[in-house]
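Structural overview
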Amino acid sequence: DGVAVHVAESVTNFRRALRAEVLTELGILTVLGIVAAIVVNLVLLKVVDAPLTHLVTTVRRITRGELGIQSSTSGSHEMHELAQAVNEMSLALDEIDSQRRHQISKAREIQEHLLPNGVRVPGLRTAVLFRPAEGVSGDYCDFLPLADGTWFLCIADVMGHGVPAAMGASMLKMLLLFATEREHNSPAAVLSAVNQCLARTMLPEDFASMFLAHWSPETRILTYACAGHPSAILVSGRSRLDLLSSTGLLLGIERNTVWQERTVQLTSHDRLLLFTDGAIEMRGHDGELFGSERLAAWFSRCDDIPFGRFLHFVYPALGAHRGDQPVNDDLTIVLLQCEADESVETPAAASRPAALCHL
């Protein structure tokens, strides 16, 4: 009775105790958060990351052309649906590519059928190298017989490569066949007839080059006209090398273009090399072009190579210059060698023209 009891605690102790309790709870929460994060990451790694990484790898392989490959469909429902969609896309692309390759293969068979396979030209030995940059080519060459026993010899190059250029090359052959039946023995007249039709049918930005020659086996006279095509290389004997250069514009530029004709008298064992720009414009690893001068010098040194093996040497030479660089243009090479009888009289009017470039 009458006794008062006072209980007191230091504020510092109170704060210390409270701080310790809060820190303990924060520590527990932190540990629990870390554990939860580890668990979540493990779950995500198993459910999302691993399937997603595998799916990305599959998509990259499809991008590199491995069509038809399939990805595993493990993981979450969403990842399963995504993987299934990628697999369906891969199969669809493979089917489309298979159809495309079949069509390209068929188109190449048709195009190769247009080439002078097995055609024998009297008075000439012939060899043809045909290498499209893609499945089909914009290059075209042909040996066309005429009713009087003479022949037209042709090599042409439609701008570009692939399917559009191949369509242009097929069109060019049809126009050439039609023109040679009407214009008889004049290469310049044939080029004019082809050009008038080509200028009306091809797109304005498309054009073609062509070297067209008329060959007479009896006289061994070669009369030619060249529509912007790379100069043919003529090696006569072992010393003389001539370039049969362009005599007019490319085909398909102007409807009324006129070409000049030039005449060459061939003798036995003279060799003529016709080619498209895929040969001289082949680039090496340093970007340097093979070039017409290098091709002419190489050709002039190959007189001792047997005719039947010549193309087995020229293609590896071009490939060695290109190295591992991609092929960016179609390549066609035609080799002709005069095998006419030496007893045939040489007409005076058929002497070599002064317009030929002597190297």
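Read on for a plain summary of the structure. Bear in mind the structure is a predicted one, so any value in this text is a computation, not a measurement. (Residues numbered from 1 in each chain as written. Predicted model: local features only at pLDDT ≥ 70, side-chain atom pairs only at ≥ 80, totals over all residues. Heavy atoms only, no water.)

**Structural notes on the environment of I233**
The cut-off we apply is this: Strands here are runs of E lasting at least two residues and helices are runs of H or I lasting at least four, both read from the DSSP assignment and numbered beginning at the N terminus.
With respect to the secondary-structure elements, I233 resides in strand β6 (residues 232-236). On a C-alpha basis, the gap between I233 and L273 in space is 5.0 Å, while along the polypeptide they are 40 residues apart.

**Digging into the pairing of strand β4 (residues 208-216)**
Formally: Only protein chains enter the accessibility calculation, which uses a 1.4 Å probe; a residue is then buried when its area is under 20% of its type maximum, exposed when over 50%, and partly exposed in between. Only strands that DSSP links by at least two bridges are regarded as paired with each other.
Counting buried residues along β4, nine of its nine residues qualify, which places the element largely inside the surrounding structure. Where strand β3 (residues 151-158) meets β4, eight bridges bridge the pair, whose relative direction is antiparallel. Opposite W151, over in β4, you have W215 as the bridge partner. For β4 and strand β5 (residues 221-227), the ladder comprises seven bridges, and the chain directions are antiparallel. Directly across from A213, in β5, lies its bridge partner Y224. From the end of β4 to the start of β5, which pair antiparallel, there are four residues, and R220 there has a positive phi angle of about 60°.

**Let's talk about helix α7 (residues 310-322)**
Applied cut-off: Helix span is expected to be 1.5 Å times the residue number reduced by one. Directions are taken from the helix axis to each C-beta atom, and the arc is the one they span. Residue contacts are defined here by distance: any two heavy atoms, one from each residue, within 4.5 Å place the two residues in contact.
For α7, with 13 residues, the first-to-last C-alpha span of 19 Å sits near the 18 Å given by 1.5 Å per residue. Taken together, the buried positions of α7 are occupied by F310, L311, V314, L318, H321 and R322. The arc that holds every buried residue of α7, seen down its axis, measures 105°, which confines them to one face. In α7, those exposed residues whose orientation departs by more than 90 degrees from the buried face are H312 and A320. Turning to α7, the residues buried within the fold contact β1 (124-131), β9 (271-275), α5 (277-280), α6 (292-300) and β10 (331-338). Downstream of α7 by one or two residues, G323 has phi in the positive range, about 65°.

**Thoughts on the packing of α6 against α7**
What counts, and what does not: Between N-to-C directions, angles cover 0 to 180 degrees, with each direction set by a line fitted to C-alpha atoms, over the stretch in contact for helices. Should the near helix be turned anticlockwise from the far one by less than a right angle, the crossing is termed left-handed; should it be turned clockwise, right-handed. Each residue is assigned to one class: nonpolar for Ala, Val, Leu, Ile, Met, Phe, Trp, Tyr, Cys and Pro, charged for Asp, Glu, Lys and Arg, and polar for all the others, Gly among them.
With their axes 12 Å apart at the nearest point, α6 and α7 run at an angle of 145° to one another. The way α6 lies across α7 gives a crossing that is right-handed. Here α6 contributes R294, W298 and F299 to the contact with α7, which in turn contributes F310, F313, V314, A317 and H321. Partitioning the contact of α6 with α7 into residue classes produces six nonpolar, one polar and one charged.

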